[in-house]
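So you can see what is in the structure, the chains are spelled out below.
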Amino acid sequence: MKEIIGDIDILDNTQESCEVVNITKDENNVGQKKLYIESYGCQMNFSDSEIVSSILKKEGYTTTSSIEEADVTFLNTCSIREKAETTVRNRLSEINQYKKKNPELVIGVLGCMAERLKSKLLEEEKIVDLVVGPDAYRELPNMLDEVSTGQKAVNTFLSREETYDDITPVRLNSNGVTAFISIMRGCDNMCSFCVVPFTRGRERSRDPFSVVKEAQDLFDKGYREVTLLGQNVDSYKWSAEQNNKARLEKIDSADIVNFANLLEMVAKVSPELRVRFATSHPKDITDDVLYTMKKYDNLCKYIHFPAQSGNSRILERMNRTYDRDWYIGKIDRIKEILGEDCAISSDMISGFCGETEEEHKDTLSLMEYVKYDYSYMFFYSERPGTLAEKKYEDDIPMDIKKRRLTEVINLQRELSIERNKRTIGNTYKVLIEGFSKRSDKQLQGRTTCNRVAVFDAGNHKKGEYVNVRVNEVTTGTLLASVVEN
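The text that follows walks through the structure, step by step, so that each part is easy to find. Because the structure is a prediction, the values reported are computed rather than measured.

Conventions we followed
- Residues numbered from 1 in each chain as written.
- Predicted model: local features only at pLDDT ≥ 70, side-chain atom pairs only at ≥ 80, totals over all residues.
- Heavy atoms only, no water.
- Buried < 20%, exposed > 50% of the residue type's maximum accessible area, 1.4 Å probe, protein only.
- Helix = DSSP H or I, 4+ residues; strand = E, 2+ residues; numbered from the N terminus.
- Right-handed = clockwise from strand over helix to strand, strands pointing away.
- Pairing = 2+ DSSP bridges.
- Axes fitted to C-alpha atoms, helices over the stretch in contact; angles between N-to-C directions.
- Contact = heavy atoms within 4.5 Å.
- Salt bridge = Lys/Arg side-chain N within 4 Å of Asp/Glu carboxyl O.
- 1 Å grid on protein atoms, 1.4 Å probe; cavity = no way out; pocket = protein on both sides within 12 Å on 5 of 7 lines; lining within 4 Å.
- Points joined across faces, edges and corners; volume = space filled by probe spheres on them.
- Nonpolar A, V, L, I, M, F, W, Y, C, P; charged D, E, K, R; others polar.
- Expected span 1.5 Å × (residues − 1).
- Parallel < 35°, antiparallel > 145°, perpendicular 65-115°, else oblique.

**Observations concerning the pairing of strand 18 (residues 374-379)**
Part 1: Burial runs high along strand 18: six of the six residues are buried.
Part 2: The side-chain alternation of strand 18 yields two buried faces, one formed by Tyr374, Tyr376 and Phe378 and the other by Ser375, Met377 and Phe379.
Part 3: Crossover handedness for the path strand 17 (residues 343-350) to helix 14 (residues 357-370) to strand 18: right-handed.

Given below as structure tokens:
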């Protein structure tokens, strides 16, 4: 598994703990069929694997962390870069050895790669038995029945309604403290570089009352932090009569629940339940969202706010629907309402089609202006079927892409350490998530601004809130000590 994680290289992130692969946990239920899932890429995929596990649990499956014990093995895949898909293909080659030992082992590919390639994947990867897109997971029991008769099965139908809002996810690899809640599916933004609208379909928002119910249930079970997930959470809109965002935007109705409303509803579950969200599209975030974040202490003061580029011409080519000055205006508004200490992170793409050296420098200067706490950084990878692939030439040589990406990464490291140094000597409330990665004598948790703090364990334990004073910092970690009351 370590080799898989090292090979993925989907995100180049200055955070020290960038998790890009999850596997199912051991439930140790003797005599039941065993399900093994590897989830690649984004948090939405991890959340979807929890939904899949819940669906199959009702069919008598239990989860395992060992592929050798599995009756069914799923790879829940990412398509954001070519390297992500190459990693999955390499993993399928490795899994072939388990198939040879156990010919009855069912192999399935789920998620974005399945949606993009559809039945073609069965032709190219002979060991694969079923291919399932993100909106077809309810059909998995029927598809497994079909496979048991010796057939191959494919379902990549994209729904305009499916939100899985009635399914209680099985929490995989859970620390028992933090959890994801999916609030919407799909994406209507046609960013020219992105394959997501083609692999996850149109936007659909989940019933807000089911979101609140799930948050309350998690809190009652001891969880103390939830992250609301969506490709573009700020465009969340729901009404009991209509769940089509395009139509809802034309309706002036007090019955429409928007993202600011949903945030407040979840915040009210308990002041002891922290609430985060991801991801925001700059064009959709509103002052109402920012003022709601300010109103409730348990709404974490952190916003992932992807810029992608700091140059207006490149942003237009990317079809981001804003320019540099407009983006900067939104950054200024965030800091005006939530303060300079509100953490802001970003996504940055180096070497997009036609990017000049001066346009690359605009990205660096934007980073210096905003002073991001951290970023997810990529060089441009052309994806089949996207608008960029159809309209533009991928004309930046790889050595230049990598050199520009290195400059972005190096600058982000400087900014991350600069932002972290601001915390030295200050005291913060931290939610303990478990032991630190390096020692079971130390615990780690996160501040409201999503910074990881490490401190001596003492008599404290996972799930508690403690106040810590920051003594030293690294690029990705606050080294702290507990301040006893």
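From this point, things continue past the structure.
**Here we look at the pairing of strand 17**
Part 1: For strand 17, the tally of buried residues reaches eight of eight residues, placing the bulk of the element in the interior.
Part 2: Burial along strand 17 is two-sided: the face carrying Ala343, Ser345, Asp347 and Ile349 and the face carrying Ile344, Ser346, Met348 and Ser350 are both buried.
Part 3: Of the strand pairs in this sheet, strand 16 (residues 302-304) and strand 17 are connected by three bridges, and their pairing is parallel. Residue pairing for strand 17: His304 is matched across the bridge by Ser345.
Part 4: With six bridges joining them, strand 17 and strand 18 adopt parallel strand pairing.

**Re the sheet that holds strand 22 (residues 465-473)**
Part 1: Read around the closed barrel, the five strands follow the order 19-20-21-23-22; overall the barrel is mixed. Averaged over all pairs of adjacent strands, the angle between their axes in this sheet comes to 50 degrees, without regard to strand direction.
Part 2: Relative to strand 23 (residues 477-482), strand 22 is paired through five bridges, and the arrangement is antiparallel. Counted as the bridge partner of Arg469 is Ser481 from strand 23.

**Points about the environment of Ile183**
Part 1: Turning to its location among the elements, Ile183 is positioned in the loop between strand 9 (178-182) and strand 10 (184-185).
Part 2: Spatially, the C-alpha atom of Ile183 lies 9.7 Å from that of Phe259, the residues being 76 residues apart in sequence.
Part 3: The contacts of Ile183, once residues within four sequence positions are left out, are Ser205, Arg206, Val211, Leu228, Leu229, Val233, Tyr236, Phe259 and Leu262.

**A look at the sheet that holds strand 15 (residues 274-278)**
Part 1: Strand order in this open sheet of three strands is 9-12-15, and the pairing throughout is parallel. The open sheet has two free edges, formed respectively by strand 9 and strand 15, since each of these has just one partner strand. Strand-to-strand twist across the sheet, computed as the mean angle between neighbouring axes with direction ignored, equals 25 degrees.
Part 2: Of the strand pairs in this sheet, strand 9 and strand 12 (residues 225-229) are connected by five bridges, and their pairing is parallel. For Ala179, the partnering residue across the bridge sits in strand 12 and is Val226.

**Brief notes about the pattern of salt bridges**
Part 1: Enumeration over the complete set of coordinates arrives at 39 salt bridges.
Part 2: Note that Arg202 and Asp188 form a salt bridge whose closest N and O atoms lie 2.9 Å from each other. Highlighted residues: Arg202 in the loop between helix 7 (196-200) and strand 11 (204-205) and Asp188 in the loop between strand 10 and helix 7, separated in sequence by 14 residues.
Part 3: For Arg202, a relative accessible area of 38% translates into the label partly exposed.

**Some details on empty space enclosed by the protein**
Part 1: Within the structure shown, the criterion is met by three cavities of 30 Å³ or more.
Part 2: Along its surface, the largest cavity is lined by Ser47, Ile51, Thr163, Tyr164, Ile167, Pro169, Phe180, Ile181, Ser182, Arg206 and Glu214.
Part 3: Every element with two or more residues in the lining of the largest cavity is listed here: helix 2 (43-57) and strand 9.
Part 4: No other element matches strand 9, which puts three residues into the lining of the largest cavity.
Part 5: Classifying every residue of the lining of the largest cavity by side-chain character gives six nonpolar, three polar and two charged.

**Digging into helix 2**
Part 1: Over its 15 residues, helix 2 extends 21 Å from the first C-alpha to the last, a length consistent with the 21 Å expected when each residue adds 1.5 Å.
Part 2: Within helix 2, 13 of the 15 residues are buried, leaving the element largely enclosed by the surrounding structure.

**Structural notes on the packing of helix 2 against helix 6 (residues 140-148)**
Part 1: For the pair helix 2 and helix 6, the least separation of the axes is 9 Å and the interaxial angle reads 65 degrees. Relative to helix 6, the element helix 2 lies roughly perpendicular. Contact residues: Val52, Ile55 and Leu56 in helix 2; Leu140, Pro141 and Leu144 in helix 6.
Part 2: Across the contact of helix 2 with helix 6, the residue classes break down as six nonpolar, no polar and no charged.

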